[in-house]
Amino acid sequence: MINHWNEICTRILLAEEMLQEFIETAGLSTLQVKKLQKFTKEWNQFKKLAEQFDKFVTPVDPIKVESWCDQEDFRYMWRMWKEYLAEQHGILMRSRMEQASLDYLNEISEGNVDKAISYIRFAMKGPYRSFFKVDEQSKSQPEKVTEHAEY
């Protein structure tokens, strides 16, 4: 997606250069200049929107995510969790959110991989936006967690 966005930004810059060259060399009449001013105003608003969107697409440089668990079944479930968030809730998990989520999952599962996988599965079937400590006896309702909102 970032490569596609970068291509769009490159095309905007190219179009901007072509527009400036046209304005400087066209020898336009007064009426044509007025029409062009309306277009230029719209063009500048479009560029401003693209600049604002660019901050969303590439907000900050990502950090290196380090997982506390390197087991194959956990890595598979973690990938499923990230895909689930995107598919079900439209949440793109960026690096800082991912690191905080992994750390929190490690904390609530007390480093127990099977328990961590169980918490992820429970949240996905919920369908919840976050995982949480689940009462192993009932597994019916999540424990209310207020200090760690939506991972």
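Presented here is an overview of the structure given in this document. Counting restarts for each chain: residues are numbered from 1 in the order of the written sequence. Selection of residues for local features in this predicted model requires a pLDDT of at least 70, selection of side-chain atom pairs for listing and counting requires 80 or more, and totals for whole chains, interfaces and linings are taken over all residues. Water and hydrogen atoms play no part in the side-chain values, which are based on all heavy atoms of the structure.

Some words on helix α3 (residues 72-89)
Put simply, the rule reads: Secondary structure elements follow DSSP: runs of H or I no shorter than four residues count as helices, runs of E no shorter than two count as strands, and numbering proceeds from the N terminus. Given the number of residues in a helix, its expected span is that number minus one, multiplied by 1.5 Å. Burial classes follow relative accessibility: with a 1.4 Å probe on protein chains only, a residue under 20% of its type's maximum area counts as buried, one over 50% as exposed, and anything between as partly exposed. What the arc covers is the set of directions going from the helix axis to the C-beta atoms. Should any heavy atoms of two residues lie within 4.5 Å, those residues are counted as being in contact.
The end-to-end C-alpha distance of α3 is 25 Å, a good match for the 26 Å that 18 residues give at a rise of 1.5 Å each. Those residues of α3 that fall on the buried side of the exposure criterion are F74, M77, W78, W81, Y84, L85 and H89. Down the axis of α3, the buried side of the element spans an arc of 120°, and every buried residue falls inside it. Away from its buried face by more than 90 degrees, α3 exposes E72 and E87. Against the buried residues of α3 lie α4 (95-109) and α5 (113-125). G90 sits one or two positions beyond α3 and adopts a positive phi of about 70°.

Comments concerning the side chain of E98
With respect to the element layout, E98 can be found in helix α4. Of the residues examined, E98 reaches a relative accessible area of 11% and is grouped as buried. Those residues in contact with E98 that lie beyond four places of it in its chain are V65, W78, K82 and M93.

Points about the pattern of salt bridges
Test applied: What counts as a salt bridge is simple: a side-chain nitrogen of Lys or Arg found within 4 Å of a carboxyl oxygen of Asp or Glu.
Enumeration according to the criterion identifies eight salt bridges in this entry. One salt bridge in this structure joins E110 and K115, with 3.7 Å as the shortest N-O distance. E110 gets classed as exposed once you look at its relative accessible area, which sits at 58%. Looking at K115, the relative accessible area reads 23%, which means it is partly exposed. Of the charged contacts, one joins E110 and K133 as a salt bridge, the two residues approaching to 3.8 Å between their closest N and O atoms. Highlighted residues: E110 in the loop between α4 and α5 and K133 in the segment after α5, separated in sequence by 23 residues. Taking the relative accessible area as the measure of exposure, K133 reaches 30% and is therefore partly exposed. Several salt bridges share partner residues, and in doing so they unite D70, E72 and R75 into one network.

None of this, on its own, says anything about what the molecule does.
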